[in-house]
Amino acid sequence: MAEAAEKIAIVTGAGTGVGRAASLALMKSGFTVVLAGRRLEKLQETQKLGDNVGKSLPVTADMTDPGSIAALFARVMETYGRLDLLFNNAGMGAPPVPFEDLTLAQWQGVVNTNLTAPFLCTQHAFRIMKDQTPRGGRIINNGSISAHAPRPFSSPYTSTKHGITGLTKASNLDGRAYDIAVGQIDIGNAATPMTDRMVDGVLQPDGRKIPEPRMDAKAVGDAVAYMASLPLDSNVLFMTVMASKMPFVGRG
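Keep in mind it's a predicted model, so treat the numbers as computed, not measured.

**A closer look at the overall build of the protein chain**
Okay, so step 1: When its secondary structure is counted, the protein chain shows 6 helices and 11 strands.
Okay, so step 2: Projected onto the principal axes, the alpha-carbon positions of the protein chain cover approximately 55 × 35 × 35 Å.
Okay, so step 3: Counting all 252 residues of the protein chain, 49% fall into the buried class.
Okay, so step 4: A sequence separation of at least 24 residues applies to 69% of the contacts in the protein chain between residues at least 6 apart.
Okay, so step 5: Split by element, the accessible area of the protein chain, about 12100 Å² in all, is 55% carbon and sulfur.
Okay, so step 6: Across the protein chain, the centroid of the 25 positively charged side chains sits 4 Å from that of the 22 negatively charged ones.

Encoded structure:
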């Protein structure tokens with residue numbers, strides 16, 4: 001069992017990108033981080049990067065499999081006996097094809113990963129956090145600039161990120177009774193494998209393809225660690241962290 005002072009976090013999609021940056025920042029701030037993701041070798045890379053920073057535990061988990069999600073939370077309880085923070089970070093997009101050409105399978109794949117998985121993870125976290133001593137905890141959802149404004153040919157991703165905003169608000173309300181604080185970080189153009197294509201140019205609403213500015217993912221990790229550092233009587237409900245010059249505010 002964990003000592004009372006040990007703070008336990010789960011980060012989904014911890015093997016790359018924002019998940020890796022957030023895991024390292026949380027380890028640096030004193031959390032023991034359960035690194036969840038599909039590829040063990042990527043999780044082990046994150047663990048190795050954080051070896052001189054803090055403690056972590058890689059656990060393979062498939063966010064499209066409810067049984068795998070349940071096993072992840074069971075493993076955390078067996079190992080540590082509590083959960084203080086969940087960062088619902090894992091996500092994916094569909095190919096950028098015309099709206100009418102998307103398949104149902106492509107739509108459902110994005111919905112299962114980006115919306116259903118955070119719902120299930122949040123349920124597991126609620127069950128743990130409401131019954132532990134000290135009671136409560138924090139859940140942070142990875143939204144996106146797409147929770148506010150879409151890119152062309154992004155309907156599954158944009159729809160799920162709008163859905164995450166609803167999940168954040170509703171679970172924040174339902175979590176109050178158990179001292180569970182829920183917030184959301186909306187990220188714009190962090191330099192991760194998901195945004196590598198932006199260096200060469202991405203499609204704009206006016207039909208042009210232009211390169212877009214990106215920012216170091218460490219800025220996002222540090223923001224997550226700040227949200228996680230607050231006492232449970234304080235909460236960042238929504239935070240937007242974005243590349244300063246990306247085409248979002250105004251008309252590009």
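Text resumes after the structure shown.
**Overview of the layout of surface pockets**
Okay, so step 1: Put simply, the second largest pocket is a space of about 270 Å³.
Okay, so step 2: For the second largest pocket, the lining is made up of 17 residues, of which K7, D84, A228, L230 and L232 are closest to its centre.
Okay, so step 3: Of the residues in the lining of the second largest pocket, the class split is 8 nonpolar, 3 polar and 6 charged.

**Some thoughts on the nonpolar core**
Okay, so step 1: Formed by 34 residues in total, the largest nonpolar core has its most connected members in L26, V33, F87, I140, I185 and V220.
Okay, so step 2: For F87, the contacting residues outside a window of four places in its chain are I10, V11, T12, V18, A22, I140, N141, N142, I185 and V224.

**With respect to the sheet that holds strand 5 (residues 137–142)**
Okay, so step 1: Read across the open sheet, the 7 strands follow the order 3-2-1-4-5-6-11; overall the sheet is parallel. The open sheet has two edge strands with one neighbour each: strand 3 (56–60) and strand 11 (238–242). Within this sheet the neighbouring strands show an average axis-to-axis angle of 20°, counted without direction.
Okay, so step 2: Across the face of the sheet, helix 1 (residues 17–28) comes into contact with strand 1 (7–12), strand 2 (31–37), strand 3, strand 4 (85–88), strand 5 and strand 6 (180–188) while running at roughly 165° to strand 2.
Okay, so step 3: Those strands touched by helix 4 (residues 104–131) are strand 1, strand 4, strand 5 and strand 6, and its axis lies near 175° from that of strand 4.

**What about helix 3 (residues 66–80)?**
Since there are 3.6 residues in each turn of an α-helix, residues three or four apart along the chain are aligned in direction.
Okay, so step 1: The end-to-end C-alpha distance of helix 3 is 21 Å, a good match for the 21 Å that 15 residues give at a rise of 1.5 Å each.
Okay, so step 2: In this fold, the buried residues of helix 3 make contact with strand 1, strand 2, strand 3, strand 4 and helix 4.
Okay, so step 3: A distance of 2.9 Å separates the backbone nitrogen of G67 from a side-chain oxygen at the start of helix 3, and that oxygen is part of D65.
Okay, so step 4: Phi turns positive one or two residues past the end of helix 3, at G81, with a value near 80°.

**As for the pairing of strand 6**
Okay, so step 1: Among the 9 residues in strand 6, 9 count as buried, and that is most of the element.
Okay, so step 2: On strand 6, burial covers both faces: I180, V182, Q184, D186 and G188 on one face and A181, G183, I185 and I187 on the other are all buried.
Okay, so step 3: Pairing between strand 5 and strand 6: 6 bridges, direction parallel. Its bridge partner being in strand 6, N142 is matched across the sheet by I185.
Okay, so step 4: In the classification by handedness, the crossover that spans strand 5, the intervening helix 5 (residues 155–175) and the parallel strand 6 is right-handed.

**Section: the packing of helix 1 against helix 2 (residues 40–49)**
Okay, so step 1: Contact pair helix 1 / helix 2: the axes reach a minimum separation of 10 Å and the direction vectors enclose 35°. Helix-helix and strand crossings are classified by hand; for helix 1 and helix 2 the assignment is right-handed. Contact residues: R20, S23 and L24 in helix 1; K42, E45, T46 and L49 in helix 2.

**Brief notes about the environment of M246**
Okay, so step 1: Tracing the backbone through its elements, the reader meets M246 in the segment after strand 11.
Okay, so step 2: Residues M246 and T133, spaced 113 residues apart in sequence, show a C-alpha to C-alpha distance of 44 Å.
Okay, so step 3: Once residues lying within four places of it in the same chain are set aside, the contact partners of M246 are I145, R151, G188, N189, E212 and P213.

Definitions and cut-offs
Sequence order as written defines the numbering, with residues in each chain counted from 1. In keeping with the predicted nature of the model, local features appear solely for residues at pLDDT of at least 70, side-chain atom pairs appear and are counted solely at 80 or more, and the whole-chain, interface and lining totals rest on all residues. Only heavy atoms go into the side-chain values, all of them from the structure, while hydrogens and water stay out. Under the DSSP-based scheme used, a helix requires at least four consecutive residues in state H or I and a strand at least two consecutive residues in state E, with every element numbered from the N terminus. Each residue is assigned to one of three classes by its accessible area relative to the maximum for its type, calculated with a 1.4 Å probe on protein chains only: buried under 20%, partly exposed between the two thresholds, exposed over 50%. What makes two residues a contact is simply this: any of their non-hydrogen atoms within 4.5 Å. Accessible surface area values rest on a Shrake-Rupley calculation with a 1.4 Å probe, where residue burial reflects the displayed protein chains alone. Counting rule for charge: Lys and Arg are taken as positive, Asp and Glu as negative, and neither His nor the chain ends is counted. Taken as the charge location is NZ of Lys, CZ of Arg, CG of Asp or CD of Glu. Buried and open spaces are told apart on a 1 Å grid over the protein atoms alone, a cavity being a set of points where a 1.4 Å probe fits but cannot get out and a pocket being an open set with protein on both sides within 12 Å along at least five of seven lines. Residues with an atom within 4 Å of a point are the lining residues. Grid points are joined across faces, edges and corners, and a volume is the space filled by probe spheres set on the points. Amino acid classes used here: Ala, Val, Leu, Ile, Met, Phe, Trp, Tyr, Cys and Pro are nonpolar; Asp, Glu, Lys and Arg are charged; the rest, including Gly, are polar. What we call a nonpolar core is a set of buried Ala, Val, Leu, Ile, Met, Phe, Trp, Tyr and Cys residues that are connected through their side-chain atoms within 4.5 Å. Two strands qualify as a pair provided that DSSP identifies no fewer than 2 bridges between them. A fitted line through C-alpha atoms represents every axis, and for helices the fit uses only the stretch in contact; the resulting angles, taken between N-to-C directions, go from 0 to 180 degrees. Every helix has an expected span of 1.5 Å times one less than the residues it contains. Here a polar contact is recorded for every N or O atom pair within 3.5 Å, except that within protein the pair must consist of a potential hydrogen donor and a potential acceptor, and residues adjacent in sequence are included only if both atoms are side-chain atoms. Looking down the strands as they point away from you, a crossover is right-handed if its path from the first strand over the helix to the second goes clockwise. Take the far helix as the reference: if the near one is turned anticlockwise from it by less than a right angle, the crossing is left-handed, and if turned clockwise, right-handed.

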